[in-house]
Amino acid sequence: MTTDTETAAGAVAGTDGGNLLTDTPELYELRFPDPAHLAARWAESVLREYGAGPRVLDLGCGTGRDAAWLHRSAGREVVGLDSSPAMVEHARAHHPGPEYLLGDMREPGLGERRFDAVLCLDSALLYCHTNADLDALLSAVRAHLTPGGLLVAEMRNGAYFLGRTDLLDTVRTDAVEHQGVRYTSSTTLRIDHGAQLLRRTRAWSTDLGPITVQHSAWRLLFPQELRYLLAAHGLEVLALYDRPGPRTEPAWAEGAAPADSADSDRIHLVARLVNRTESS
């Protein structure tokens, strides 16, 4: 006989190649809560500071929490795009207001649409693992920005790993409960130096035992490398700093000034499109 707990655990285990969190958006929001909407509020503070217009494209919008806050609380016209069907479905059902689209941020399929700002939050940009991926993404950003439009991103900082191993030397264990099931994750990180990737292995289990092991990775980009890539696509860096931000310690608060440093494990980027005709 199958118990309710076994049914719940099996329903989210997914198939090979899936991702427990992105395939289960409710679990994602429980595992990464943001009740104060810090990510969206930080993004809005940047958009206001640099005078961005109302039209915003949120690449890698995930569950839609940030896009919906920007629409509801900041009055912006937001289009959210994500490659996870489950995330897009969840966003439409639970965070209405923006237009949510399923697509690849390297080829978003937006035709001639233009935006005053493009957001890439929570390391979304770093899922572009190769130089060709990065070129494709930045070409898409340039194609869909209005002249003078902004690219606003926050992500892991490759420079943090120069001489540091603290994030690589430990196993991080976290737990969250969803639909009466307690899920425990054990996460390890390692650097793939040749590919310039931070690779993550995350093993999930419940009280009934292991359910899945998942592998993912982020491209490690360095501040000067970012400046070079952006300049090649007609984007001028206006700000590049490590803290404060929505995922730093201490966390960003309204009115907080950026530090004059790029040394911590997160980096925050603001760039402006200065020449849409320049080739990449």
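Residues numbered from 1 in each chain as written. Predicted model: local features only at pLDDT ≥ 70, side-chain atom pairs only at ≥ 80, totals over all residues. Heavy atoms only, no water.

## Structural notes on the pattern of salt bridges
When the charged atoms of two side chains lie near each other, side chains of opposite charge can form a pair. Defined as follows: When a carboxyl oxygen of Asp or Glu is within 4 Å of a side-chain nitrogen of Lys or Arg, the pair counts as a salt bridge. Counting from the N terminus, the helices are DSSP H or I runs at least four residues long and the strands are E runs at least two residues long. Note on classification: 1.4 Å probe, protein chains only; a residue is buried when its accessible area is under 20% of the maximum for its type, exposed when over 50%, partly exposed between these limits.
Tallied over the entire structure, the rule returns 18 salt bridges. Notably, a salt bridge pairs D116 with R55, separated by 3.1 Å at the nearest N-O pair. Separated by 61 residues along the polypeptide, D116 in strand 4 (residues 115–120) and R55 in strand 1 (residues 55–59) bring together distant segments of the chain. Judged by its relative accessible area of 31%, R55 is partly exposed. R114 is the partner of E112 in a salt bridge, and the nearest nitrogen-oxygen pair spans 3.5 Å. Each of E44, R48, R76 and E254 takes part in one network of salt bridges that share partners.

## Digging into the side chain of S264
What counts is decided by this rule: By definition, residues are in contact when any of their heavy atoms lie within 4.5 Å.
Structurally, S264 is set in the loop between strand 10 (235–241) and strand 11 (266–273). Not counting the four nearest positions on each side in its chain, S264 is found in contact with N157, Y160, D242 and R243.

## Observations concerning the sheet that holds strand 4
Just so we agree on the cut-off: Strand pairing follows a simple DSSP-based rule, namely that at least 2 bridges must link the two strands. To obtain each axis, a line is fitted to C-alpha atoms, and for helices this fit is confined to the stretch in contact; angles are then taken between N-to-C directions over 0 to 180 degrees.
An order of 3-2-1-4-5-11-10 is seen for the 7 strands of this open sheet, with the pairing classed as mixed. This sheet does not close on itself; its edge strands, each paired only once, are strand 3 (99–102) and strand 10. Each adjacent strand pair in this sheet contributes to an overall mean axis angle of 20°, direction not counted. Pairing of strand 5 (residues 145–156) with strand 11, which is carried by 7 bridges, proceeds in the antiparallel orientation. Across the sheet, residue A153 finds its bridge partner in strand 11, namely L269. Packing of helix 5 (residues 65–74) onto the sheet brings it into contact with strand 1, strand 2 (77–82), strand 3 and strand 4, and relative to strand 2 it is tilted by some 175°. Of the strands in this sheet, strand 2 and strand 3 are in contact with helix 6 (residues 85–94), which crosses strand 3 at around 165°.

## Some remarks on the sheet that holds strand 8 (residues 197–206)
One open sheet accounts for 4 strands, arranged 6-7-8-9; its pairing is antiparallel. Because the sheet does not close on itself, it has two edges, and the strands there are strand 6 (172–178) and strand 9 (209–219). Between one strand axis and the next, the sheet turns through 25° on average, direction left out of account. In this structure, strand 7 (residues 181–192) lies alongside strand 8, joined through 9 bridges in antiparallel fashion. Among the inter-strand pairings, I191 is bridged to a residue of strand 8, identified as L198.

## What about the nonpolar core?
Put simply, the rule reads: As used in this record, nonpolar core signifies buried Ala, Val, Leu, Ile, Met, Phe, Trp, Tyr and Cys residues forming a set joined through side-chain atoms within 4.5 Å.
With 39 residues, the main nonpolar core has L59, L235 and L269 as its most contacted residues. With residues near it in sequence (within four places) discarded, L269 still touches L151, V152, A153, M155, L230, V237, A239 and L240. Core analysis: the second largest hydrophobic core is formed by 26 residues, W42, A43, L121 and Y241 among them.

## Section: the pairing of strand 1
What counts is decided by this rule: Crossover handedness is defined here as right-handed if the route from the first strand over the helix to the second strand goes clockwise, with the strands pointing away from the viewer.
Of all 5 residues that make up strand 1, 4 are buried, and the element is covered over most of its length. This β-α-β element, strand 1 to helix 5 to strand 2, shows right-handed connectivity. Sheet topology places strand 1 next to strand 4; 3 bridges connect them, and they run parallel. If you follow D58 over to strand 4, its bridge partner there is L119.

## Overview of helix 7 (residues 131–144)
What counts is decided by this rule: The span expected for a helix works out to 1.5 Å for each residue beyond the first.
Here helix 7 is 14 residues long and its end C-alpha atoms lie 20 Å apart, about the 20 Å a rise of 1.5 Å per residue gives. Taken together, the buried positions of helix 7 are D133, L134, L137, L138, A140, V141, R142 and H144.

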